[in-house]
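# Coordinate inspection notes
Each chain, written out:
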Amino acid sequence: MFDALSSIGFTLFLFIVGYVCGSLAEKKHFKSIRKRELQTRQMVVCNFVPEGQGAVDQSMLVTGSVVVSLDYFKRILAGLRLIFGGRVKAFETLLDRGRREAVLRMKAQARQHGYGSVINVRIETSTIASKGGKNGTAGVEVLVFGTAVRYLATSNQEPVVS
Amino acid sequence: MMKMDFPIELSNTENVPGKTITEFHGIVSGSTVRAKHVGRDFMAGLKNIVGGELKGYTELLEESRHEAVSRMVAQAQSVGANAVVNVRFATSSVASGASELYVYGTAVTVQR
């Protein structure tokens, strides 16, 4: 009896901790993502190779990656969703978060090396299985990579892609 | 953030921007299979309760991917290339708790 009660209590505890910490952390993360996106807005990032942008001076492969996971509360809600079907909003925001963060990291790397634009960007997602496998996935990894380029000063500045 | 301190040029476009390809050396690849270690797995397990970024895993995957890229670069150098173009990354889980990181591209000689 006591055993059952304590295990329910523990689950409830994880549930509450997951909910409170998870949603606070998510809000904070989204705030920081929005801030950094504004800061790096002038960087050109595109998923093709633009033509006629002038001579390229230098280039470099840049990457950004992040592993994100759901909190305990959302994981259980997502589990319930699997019974009833429909939109799994918990995973939607998780993936959004992961992708935007990974893109920002790639941009940060490009910027750190003095590049103003990244071309031919690819976004890849893969799941990392948990050991027991009972909770489905341990996390989702997002990898973003592209070629950072710097154009020669003689060409008409940065490419215009709109 | 992965360090990109490789002795040859890498690019995921069809050529190295601003340079022309003079010679092809075929496909080169590098791969590594990694398992999470117990300490990291434990910390990640704790982090799984509150969600968010699992830093331990992010670092692990970055290190491993760096190793895969170094292997590809070594292979490219051994065939006499000075650049690898059209680089692609792929990830597949081999067993639960272990994943393979694979990177491949075309080794070429480029000239400005």
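Parameters and conventions
- Residues numbered from 1 in each chain as written.
- Chains lettered and ligands numbered in written order.
- Predicted model: local features only at pLDDT ≥ 70, side-chain atom pairs only at ≥ 80, totals over all residues.
- Heavy atoms only, no water.
- Salt bridge = Lys/Arg side-chain N within 4 Å of Asp/Glu carboxyl O.
- Helix = DSSP H or I, 4+ residues; strand = E, 2+ residues; numbered from the N terminus.
- Buried < 20%, exposed > 50% of the residue type's maximum accessible area, 1.4 Å probe, protein only.
- Expected span 1.5 Å × (residues − 1).
- Pairing = 2+ DSSP bridges.
- Phe/Tyr/Trp six-rings, centres within 6.5 Å; stacked < 30°, edge-to-face > 60°.
- Lys NZ or Arg CZ within 6 Å of the ring centre and 35° of its normal.

### Description of the pattern of salt bridges
Residues and elements named next belong to chain A.
- Scanning the model with the defined rule gives 11 salt bridges over all chains in all.
- Lys 74 serves as the salt-bridge partner of Glu 26, at 2.4 Å between the closest nitrogen and oxygen. Placement of the pair is Glu 26 in helix H1 (residues 2–39) and Lys 74 in helix H2 (residues 72–84), with a sequence separation of 48 residues.
- Relative accessible area serves as the criterion here: at 11%, Glu 26 is assigned to the buried category.
- Classification of Lys 74 by relative accessible area gives buried; the value is 18%.

### What about helix H2 (residues 55–78) of chain B?
- Its 24 residues place the ends of H2(B) 35 Å apart at the C-alpha level, agreeing with the 34 Å of an ideal helix rising 1.5 Å per residue.
- Turning to H2(B), its buried residues number three or more, namely B:Tyr57, B:Thr58, B:Leu60, B:Leu61, B:Glu62, B:Ser64, B:Arg65, B:Ala68, B:Val69, B:Met72, B:Val73 and B:Ala76.

### What about the pairing of strand S4 (residues 83–95) of chain B?
- As defined by bridge partners, strand S1 (residues 9–10) of chain B adjoins S4(B) across two bridges and the pair is classed as parallel. Residue pairing across strands places B:Glu9 opposite B:Ala83, the latter belonging to S4(B).

### Some points on the packing of aromatic side chains
Residues and elements named next belong to chain A.
- Enumeration according to the criterion identifies four aromatic pairs over all chains in this entry.
- Taking 4.9 Å as the distance between ring centres and 70 degrees as the angle between the ring planes, the aromatic pair formed by Phe 15 and Phe 73 counts as edge-to-face. Note that Phe 15 is positioned in helix H1 and Phe 73 in helix H2, a separation of 58 residues in sequence.
- Ring geometry for Tyr 19 versus Phe 73: centroids 4.6 Å apart, planes at 65 degrees, classification edge-to-face. Placement of Tyr 19 in helix H1 and of Phe 73 in helix H2 is noted, with a sequence separation of 54 residues between them.
- We classify Tyr 19 as partly exposed; its relative accessible area is 45%.
- Aromatic rings pair up to connect Phe 15, Tyr 19 and Phe 73 into one cluster.
- Taking the ring centre of Tyr 115 as reference, the NZ or CZ of Arg 150 above it sits at 4.5 Å.

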